[in-house]
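Now for the letters of each chain:
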Amino acid sequence: MENPLPSGRGAFKPRHALTATHEDWQWVLGVCLWGTIHGVEEFLPGMVASGRAAHVLNTASMNGYVPNRVSALYSTAKYGVVGLSDTLRLELAGTQVGVTVLAPSAVRTNIGNSEEVRPSRFARTREDPPDDPFADYGLSAPLSPDTVAALALDGVRAGRDVVFTDPVVAPMLDDQLARLKGSWTTRGSNGSPSA
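Reference entry: report on the structure contained in this document. Here the structure is a predicted model, which is why all the values come from computation and not from measurement. (Residues numbered from 1 in each chain as written. Predicted model: local features only at pLDDT ≥ 70, side-chain atom pairs only at ≥ 80, totals over all residues. Heavy atoms only, no water.)

Secondary structure summary: the protein contains four helices and six strands in total. In sequence order, the secondary structure elements of the protein are arranged as β-α-β-α-β-α-β-α-β-β. The buried share of the protein, taken over its 195 residues, is 38%. As displayed, the protein has an accessible area near 10,900 Å², and 58% of this comes from carbon and sulfur atoms. (Helix = DSSP H or I, 4+ residues; strand = E, 2+ residues; numbered from the N terminus. Buried < 20%, exposed > 50% of the residue type's maximum accessible area, 1.4 Å probe, protein only. Areas by Shrake-Rupley, 256 points an atom, 1.4 Å probe, with all protein chains shown as cover.)

Given below as structure tokens:
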């Protein structure tokens, strides 16, 4: 495989939507979603124009598929990365450029310390009581960044759409899909909804 473009950023603040400030939203979306968009804007046109085999690897998160009750900001951003990646995959069909989403679970990084490097222009304009601590979902032990990178590279080489890093996520995805399917309504021949 030639020309891989790994694109991923992360800033996490365990904050409910109810208590998030506008600056909280700007900061997390700016890093997690706009960082990915900037990578696409900067590199994708050249990748396509080259006509050579290339691959975009966008880092989302399991939170881009299964939200957590204290991850409103982060999940919003990572759902956006998933949506962007899925759309790019459709747009790029017929080109030499593939797209994979990396959706890691727990990884040994400093993302929990993101607040320490938060730019002053995104400082909170009010103080609220702290939100609940991050829920761990009962995930497996955090993986090393090297292990996650190897899993991602294996997924790119195999042409997978998504790379999850923790099998514990599988039943959560099943539950999420069942919930979505349970919300399905159809229209009868008379136009009225029916379950």
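This brings us to the packing of helix α1 (residues 22-50) against helix α2 (residues 72-91). One way to put it is that α1 packs onto α2 with a least axis distance of 8 Å and a crossing angle of 20 degrees. Accordingly, the angle class assigned to the pair α1 and α2 is roughly parallel. Note on packing geometry: the crossing formed by α1 with α2 is right-handed. Across the interface between the two elements, D24, W25, V28, L29, C32, L33, T36, I37, V40 and L44 from α1 touch A72, L73, Y74, T76, A77, K78, G80, V81, L84 and L88 from α2. Of the residues contributing to the contact of α1 with α2, the split by class is 15 nonpolar, three polar and two charged. (Axes fitted to C-alpha atoms, helices over the stretch in contact; angles between N-to-C directions. Parallel < 35°, antiparallel > 145°, perpendicular 65-115°, else oblique. Left-handed = near helix turned anticlockwise from the far one by under 90°. Contact = heavy atoms within 4.5 Å. Nonpolar A, V, L, I, M, F, W, Y, C, P; charged D, E, K, R; others polar.)

On to the packing of aromatic side chains. Scanning the entire structure with this criterion turns up one aromatic pair. Relative to F164, the ring of Y65 has its centre 5.1 Å away and its plane inclined at 65 degrees; by these criteria the two rings are edge-to-face. Remark: F164 occurs in strand β4 (residues 162-164) and Y65 occurs in the loop between β2 (54-59) and α2; sequence separation between them is 99 residues. Take F164: its relative accessible area is 26%, and that puts it in the partly exposed class. (Phe/Tyr/Trp six-rings, centres within 6.5 Å; stacked < 30°, edge-to-face > 60°.)

Okay, the nonpolar core next. Among the nonpolar cores identified, the biggest contains 20 residues, and M62, Y65 and V101 are the most heavily contacted of them. For this core, the elements supplying multiple residues, two or more each, are α1, α2, β3 (97-103) and α4 (169-182). Among the elements that take part in this core, α2 stands out by supplying five residues, more than any other. Counting nine residues, the second-largest nonpolar core is a separate cluster that includes L44, L88, L92 and V99. (Core = buried A, V, L, I, M, F, W, Y, C linked by side-chain atoms within 4.5 Å.)

The subject of this paragraph is the pattern of salt bridges. Tallying each qualifying case throughout the model produces two salt bridges. When the shortest N-O distance is used, the salt bridge between D86 and R89 registers 2.9 Å. Placement of the pair is D86 and R89 together in helix α2, with a separation of three residues, close to one helical turn. Classification of D86 as partly exposed rests on a relative accessible area of 31%. Taken together, the salt bridges that share partners define one network made up of D86, R89 and D161. (Salt bridge = Lys/Arg side-chain N within 4 Å of Asp/Glu carboxyl O.)

Helical geometry note: an α-helix holds 3.6 residues per turn, so side chains three or four residues apart project in the same direction. Here α1 spans 40 Å end to end across 29 residues, near enough to the 42 Å set by a 1.5 Å rise per residue. By the largest-angle criterion, G30 marks the main kink of α1, which is about 45 degrees. Within α1 the residues assigned to the buried category are E23, D24, W27, V28, C32, L33, G35, T36, G39, V40, L44 and M47. Phi for G51, located one or two positions after α1, is positive at around 70 degrees. (Expected span 1.5 Å × (residues − 1). Bend = angle between axes of the 7 residues up to and from the residue.)

Between its first and last C-alpha atoms helix α3 (residues 145-157) spans 18 Å; for 13 residues at 1.5 Å apiece the expected length is 18 Å, and the two agree. Among all positions in α3, only V148, A152, G155 and V156 are buried. The buried residues of α3 all sit within an arc of 100 degrees when viewed along its axis, so they share a single face. Pointing more than 90 degrees away from the buried face of α3 are the exposed residues D146 and R157. Contact partners of the buried residues in α3: β2, β3 and β4. One or two steps after α3, the chain reaches G159, where phi turns positive at roughly 70 degrees. (Arc of directions from axis to C-beta.)

As a further point, take the side chain of D24. Looking at the secondary structure, you find D24 in helix α1. Taking the relative accessible area as the measure of exposure, D24 reaches 0% and is therefore buried. A polar atom in the side chain of D24 sits 2.9 Å from the backbone nitrogen of T21. (Polar contact = N/O pair within 3.5 Å; in protein donor to acceptor, adjacent residues only side chain to side chain.)

Read these as layout, nothing more, since geometry by itself doesn't imply function.
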